[in-house]
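So you can see what is in the structure, the chains are spelled out below.
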Amino acid sequence: MSANKIDAKIPDGALEQKWTKYRSTVPLVNPANKRNLEVIVVGSGLAGSSAAASLSELGYKVKVFCFQDSPRRAHSIAAQGGINAAKNYQNDGDSVYRLFYDTIKGGDYRARESNVYRLAEVSANIIDQCVAQGVPFAREYGGMLDNRSFGGTQVKRTFYAAGQTGQQLLLGAYSALQRQIGLGAVSMYTRHEMLDVVIIDGKCRGIIARDLISGKIERHTAHAVLLCTGGYGNVFFLSTNAMGSNVTAAWKAHKRGAFFGNPCFTQIHPTCIPVSGDHQSKLTLMSESLRNDGRIWVPKKKEDAAAIREGRLNPNDLKEEDRDYYLERRYPAFGNLVPRDVASRAAKERCDAGFGVNQTGEAVYLDFAHNMKYKYGKKEAAKKGITNPTEAQLTELGKAVVKEQYGNLFDMYHQITGVNPYENPMMIYPAVHYTMGGLWVDYNLMTTVPGLYALGEANFSDHGANRLGASALMQGLADGYFVIPYTIGAYLSNEIRTGNINPDHEAFVAAEKSVSETLQKLMSIKGSKSVDYFHKRLGKIMWDKCGMARNAEGLKQAITDIQQLRSEFWSDVRIPGDLNEFNPELEKAGRVADFIELGELMCRDALNRNESCGGHFREEYQTEEGEALRDDENFSYVSAWEFKPGVDWELHKEELKYENIKIAQRSYK
Amino acid sequence: MSGNMNLTLKVWRQKNKSDKGRFETYPVQDISPDMSFLEMFDVLNEKLINDGKEPVAFDHDCREGICGMCSMFINGRPHGPLQGVTTCQLHMRSFKTGDTIVVEPWRAKAFPVIKDLAVDRSAFDRIIASGGFISVNTGNAQDANATPIGKDDADASFAAAMCIGCGACVAACKNASAMLFVSAKISQFALLPQGQPERNQRVLNMVAQMDAEGFGSCTNTGACEAECPKGISLSNIARMNRDFIGAQLSSQKV
């Protein structure tokens, strides 16, 4: 093990001065030179679109790649609840420091101070930029922007557009990108998948991509490559990610020398629609913002839970005193707004103890009846001057408010489950949602491969072991709009004499050949099982052994099982169709092959980390009350894994230094 | 399992853009009413693969009704029989055992078929690139609360901005017109103070690009609004028409 292979390049100076000083002293590239420098952006979500648009505005030659039919489809589009920013518009005590502190604490003290502080600093600029682009955030009657609360904080700093904030922010970044495309400054490659990065003399010089319609393998040169390709939650098969979300771009980069940071840090989101059957292809999130107004409960008595499961008891008829609002009971200070990892584990604990409320026993209630009636109903009644309103009146009045705030989420729930959430409490259960781990990057967002960057969810940098709600959108846009346009100059200012990269260089030829051979190999297996068959098996291993709770024995078993699965996959997968045509099964096969390798690394990382922190819960390491028990003495580091041939890894460590925050056991009580 | 369904699917199969294409009939058995329409297609494809046949290509991604990628024309209606719902959010409880379901791609000259049920909707991206934005470079923005925007305007702008760009409006229209899609974007910005400086130029450019892509004219039948999974209102088209005429009359560039 060595520590010197990674250098986070954190600028000197006081925390509050680092970014300001860095921005003012980072080398610049003059406009005439920018025109000769090519940047490739892979992925068109919040991080990718915002980076591509901003770099193009600066004058760089930009190429963007996405596997979907349009950049607007990237999965950022599905983010629901909101985006955090330290604007303090509510006058409730928010500040850059507080956002920074909440994020570090929420991440269970496993994130890098300097990056998180910078994130909090630029958060306010993001809101300004988005409003200028015409993003229609929710507003109050006076015309000012509205905010809502999210988990892990005690201020209201979340900006939103109903339950479609991600959509509106992405469409903002997408229109900025389309504007550059229209100006001829960005070349867009839709329905293209990156299948390798090309490295010449130790620097990233381009990518190999497959045109998903024709199957043609293409070489694309660049002076820098930005991977903005999102997270890898689909390693679990069932997750809230889109069907196409994958790790392939990051994984190919990893195999070419980019270290992978904290791969085992996975976020299991507490409020998702429970699994209903084997046919299920994905899970659907119910936004964290619902925890503003929804109260989470299970019955106090096991016999009531059983009666509900068997359909003998209607939950609406269960008396108040027979309900266990377990988050409010266990965490009175934060109540239903504890961070996601805490809420998820608490739900699992209740369900494991036999209090689950659906047929599978894996669901708890998220109930709006109380707030609909008493919070909103009463307020509306008072506004309308209705004295002594009836219960039914209160419900009716409150329903209208809830509909305005969460209408699309309620409709979605109704559509998927067939149950009307205005009349009945929602049933929810935790599901895989986000991955805090990702490619290791330094302060510049550069990976361990010079010229190769990772932005947004694809990197590991800002969320430690648990991400706070409404912070993914913030990070994606911070990286793309306000960080990379500056930090990329530190590297590209040394590339102005490089000139055009030669696509016929032997490294390009070799990379293209290796991509073609892998695809041909996949097609030639002609086995007996579909790609999904293997993906589902992988997902089950990961969920059972490397999911919400992990232990050493299970992880060791999982590693053996995954290695076995890998050899079965490469000898028995069946891919129909041809190489040189639109072939979604072939696309999936390549992605699942990478997920299988990643799954093993996640288990190894989880096995190495002999502590519990954030979303990483090792059963052996917990307090008497069942909370995560960190070991700061031995594990206050980022795991940065280096790939070794033959599917093996070497661990490097980035020690985390907390100079501005006193680390303590996280408490939300 | 009780309540599960047996169905007959008539699915459009087309090898590539130049292939003529034809319907194929497939029976599917034991379909749970809780499955989404696309999950039912997963079952069909799994069966086709196991039988050594080629699965049906179709576009899909988020499967929660927001990315706008899924695009099936089901029993003569884009996204199927329900209102306000994309194909991925259509569940099999909307059908009954014994049903025959006809599934086709979006049909429009501007949306050529790529394969089977997947079509090329890049025309929409080109329309946005022609003017569907506010020209503000990163870093140019003033404080977000510097310009108050009335809640009603903000809400109306948001209602237009909810468009997911799926193309159901085009598929539903007998003229394959894209007016609902284009007018939604124009309205989003027309209702906001930030959108005013480019208002005239935007509508002229976007309409010109829409025509160049080969979309048809609007004859106000309202099929687009009825089939839009996000409930985008026909009134947006009226606003676009007003803006278009106004912009033509006042344009300095004649």
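Here the structure is shown first, and the text comes after it.
Conventions adopted
- Residues numbered from 1 in each chain as written.
- Chains lettered and ligands numbered in written order.
- Predicted model: local features only at pLDDT ≥ 70, side-chain atom pairs only at ≥ 80, totals over all residues.
- Heavy atoms only, no water.
- Salt bridge = Lys/Arg side-chain N within 4 Å of Asp/Glu carboxyl O.
- Helix = DSSP H or I, 4+ residues; strand = E, 2+ residues; numbered from the N terminus.
- Buried < 20%, exposed > 50% of the residue type's maximum accessible area, 1.4 Å probe, protein only.
- Pairing = 2+ DSSP bridges.
- Axes fitted to C-alpha atoms, helices over the stretch in contact; angles between N-to-C directions.
- Parallel < 35°, antiparallel > 145°, perpendicular 65-115°, else oblique.
- Contact = heavy atoms within 4.5 Å.
- Nonpolar A, V, L, I, M, F, W, Y, C, P; charged D, E, K, R; others polar.
- Buried area = accessible area lost by both parts, 1.4 Å probe.
- Polar contact = N/O pair within 3.5 Å; in protein donor to acceptor, adjacent residues only side chain to side chain.

Draft legend 1. Focus on the pattern of salt bridges. All names here are of chain A. According to the stated counting rule, one finds 78 salt bridges over all chains in the structure shown. Measuring nitrogen to oxygen at the nearest pair gives 2.3 Å for the salt bridge that ties Glu 288 to Arg 340. Separated by 52 residues along the polypeptide, Glu 288 in the loop between strand E11 (266-272) and strand E12 (295-299) and Arg 340 in helix H10 (residues 340-355) bring together distant segments of the chain. The exposure class of Glu 288 is buried, given its relative accessible area of 1%.

Draft legend 2. Summary view of the sheet that holds E12(A). Strands sit in the order E11-E15-E14-E12-E13 (chain A) across an open sheet of five strands; the sheet is antiparallel. Of all the strands in the sheet, just E11 and strand E13 (323-324) of chain A have a single pairing partner and so form its edges.

Draft legend 3. Seen up close, the packing of helix H5 (residues 113-132) of chain A against helix H13 (residues 472-492) of chain A. All names here are of chain A. Running from amino to carboxyl end, H5 crosses H13 at an angle of 100°, the nearest separation of the two axes being 9 Å. Classified by the interaxial angle, the pair formed by H5 and H13 is roughly perpendicular. Contacts between H5 and H13 pair Arg 118, Leu 119, Val 122, Ser 123, Asn 125, Ile 126, Gln 129 and Cys 130 from the former with Met 474, Gln 475, Leu 477, Ala 478, Tyr 481, Phe 482, Val 483 and Thr 487 from the latter. Taken together, the residues of the contact of H5 with H13 sort by class into 10 nonpolar, five polar and one charged.

Draft legend 4. Quick look at the sheet that holds strand E5 (residues 100-104) of chain B. Residue and element names in this part refer to chain B. A sheet is described by the order of its strands in space; here five strands give the open sequence E2-E1-E5-E3-E4, paired in mixed fashion. Each edge of the sheet is formed by a strand with only one pairing partner; in this case those strands are strand E2 (22-31) and strand E4 (77-78). Sheet analysis places strand E1 (residues 5-13) next to E2, joined by eight bridges and oriented antiparallel. Bridge pairing in E2 places Lys 10 opposite Thr 25. Sheet strands touched by helix H1 (residues 37-50): E1, E2, strand E3 (73-74) and E5. Its angle to E2, the strand with the most contacts, is close to 100°.

Draft legend 5. The interface of chain B and chain A, seen in detail. Taken together, the contact between chain B and chain A spans 74 residues of the former and 76 residues of the latter. Regarding the contact of chain B and chain A, the summed buried area is about 6,000 Å², with carbon and sulfur atoms giving 52% of it. Among the residues of chain B in contact with chain A, Glu64(B), Thr138(B) and Lys151(B) are the three that bury the most area, contributing 12% of the side total. Here chain B is connected to chain A by seven salt bridges. A salt bridge links Asp59(B) to Arg191(A), with the nearest nitrogen and oxygen atoms 2.7 Å apart. Summed over the shared surface of chain B and chain A, the result is 43 residue pairs in polar contact (both at pLDDT 80 or more). When contributions to the side of chain B that touches chain A are tallied by element, the ones reaching two or more residues are H1, strand E6 (113-115), strand E7 (118-119), helix H2 (122-131), helix H3 (151-161) and helix H5 (179-190) of chain B. For the side of chain B that touches chain A, the element with the highest residue contribution is H3(B), accounting for six residues. Counted by class, the side of chain B that touches chain A contains 33 nonpolar, 21 polar and 20 charged residues.

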